[in-house]
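Observations on the three-dimensional arrangement
As a plain string of letters, each chain reads:
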Amino acid sequence: TQLAPEEFARIAIALRGGFAGPDGTNYLNTVFGGSYIRGSVASAPGHQPPRLIDTWATLRVPGWRSADATLPVDLDFALPNDLIVNRAILRPHPGEPQSTWVREFRVEVSTSGPEGPYTLLVAGELDHSTITGVRPPEVTGRASEAQLVEDRLNVPVFDVPDTSARWVRLRILSNGGSDAYTSLAELELLYASRVTVPVTSKTTTGVSMTGSRRAPS
C-alpha cells in the first residue's frame, strides 16, 4: 500500500521529534490539524488545494494548480483552534513553470468564523528573480528532516506582529504571466520565537531573501 504524502509527513515529523522546524512551527499543515475549507475557482485534477498544506514542496509530490488562469483566487483554510501566528511563507513548486508561480498575494485571517470578517495579515509579492535553484537537503544526520526540505526553493519569509488567527484566506492576485494556470506548492502560517519585523530575513539555508510586505491596515 502506497502511503499518502500526509502520512509520510506524519512519520517524518514524528521522527524529527516535533512540529518545530528551522522556520518556526507551521500551524496550518494537516498533521498539526489544519484543513482546507473552500476555494473560489476550480482546481486541476490531482492538484487540489489540500496539497498546499501537506508539508511538501518537492518535485516528488504535486502541488496546487488552478484549472485555468482565472484571477484573483481565494482559498480558505482553518487552523485547529485560535493560535498566535507571526510568519507566513509561500513556497512555489520547483517542477512548475515560473510563469505559473504566485506573484502578488494577500493572507487574511479571522477569529470570528469561516465567513469572516477577515483582516489583512500580510500583502506581498514573491520576487521570482530571487527564487532560483533547488536547495540541497539540510545536513542534520536524520533522513526525515532532509526529506522535508529536499528540492525546496529559497523563498522569502514574511514576518508580521503576533496575531491571533483561526481561519485563513489566501488571495492570489497575480502570477508570473501564465495564461494557462496558477501554481503553488505550499502555504505555511507559522509561529516563530524572537521574530523581528523587517521583511528581509533569513531562510532555513541562511540566505538573506527579501519579500515585499505592506503593513496591515
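Residues numbered from 1 in each chain as written. Predicted model: local features only at pLDDT ≥ 70, side-chain atom pairs only at ≥ 80, totals over all residues. Heavy atoms only, no water.

Observations regarding the overall build of the protein chain
Within the protein chain one finds 2 helices and 13 strands. Taken across its 217 residues, the protein chain has 52% of its residues classed as buried. Put simply, of all contacts in the protein chain between residues at least 6 apart along the chain, 78% involve residues at least 24 apart. (Helix = DSSP H or I, 4+ residues; strand = E, 2+ residues; numbered from the N terminus. Buried < 20%, exposed > 50% of the residue type's maximum accessible area, 1.4 Å probe, protein only. Contact = heavy atoms within 4.5 Å.)

What to know about the environment of S40
Note on placement: S40 falls in the loop between strand 3 (35-39) and strand 4 (64-65). You can call S40 partly exposed: its relative accessible area is 46%. Placed 32 residues apart in sequence, S40 and P72 show a C-alpha to C-alpha distance of 8.7 Å. Excluding residues within four positions of it along the chain, S40 makes contact with P72, V73 and D74. A distance of 2.8 Å separates the side chain of S40 from the backbone nitrogen of D74, its partner in a polar contact. (Polar contact = N/O pair within 3.5 Å; in protein donor to acceptor, adjacent residues only side chain to side chain.)

Examining the confidence of the model for the protein chain
On average, the protein chain scores 80 in pLDDT, and the residues at 70 or more come to 70%. Note that residues 135-149 has pLDDT below 50 and, in this model, 28 contacts with residues that lie over four places away or in other chains. In the predicted structure, residues 195-217 sits below a pLDDT of 50 and forms 60 contacts with residues beyond four places in sequence or in another chain. (pLDDT = per-residue confidence, 0-100.)

Notes on the pairing of strand 5 (residues 73-91)
Within strand 5, 15 of the 19 residues are buried, leaving the element largely enclosed by the surrounding structure. Where strand 3 and strand 5 come together, 4 bridges link them in antiparallel fashion. Pairing of R38 across the sheet is with D76, part of strand 5. Sheet analysis places strand 5 next to strand 8 (residues 158-172), joined by 11 bridges and oriented antiparallel. Each bridged residue has a counterpart across the sheet, and for A78 the counterpart in strand 8 is W167. When strand 5 meets strand 10 (residues 186-191), the two strands line up antiparallel, connected through 5 bridges. Paired with R87 across the two strands is L190, which belongs to strand 10. (Pairing = 2+ DSSP bridges.)

Comments concerning the pattern of salt bridges
Inspection of the entire model under this criterion finds 11 salt bridges. E108 is paired through a salt bridge with R106; the nearest N and O atoms lie 2.9 Å apart. On the accessibility criterion, E108 (9% relative accessible area) is buried. (Salt bridge = Lys/Arg side-chain N within 4 Å of Asp/Glu carboxyl O.)

Overview of the nonpolar core
Counting residues in each nonpolar core, the largest one holds 36 residues, and the members touching the most others are L90, F105, V107, L170 and L189. Going through the elements one at a time, strand 5, strand 6 (104-110), strand 7 (119-125), strand 8 and strand 10 are the ones with two or more residues in this core. Per-element accounting of this core gives the leading share, 9 residues, to strand 5. Excluding anything up to four places from it in sequence, L189 contacts T25, N26, Y27, L28, L79, V85, R87, A88, V107, V109, L121 and V168. (Core = buried A, V, L, I, M, F, W, Y, C linked by side-chain atoms within 4.5 Å.)

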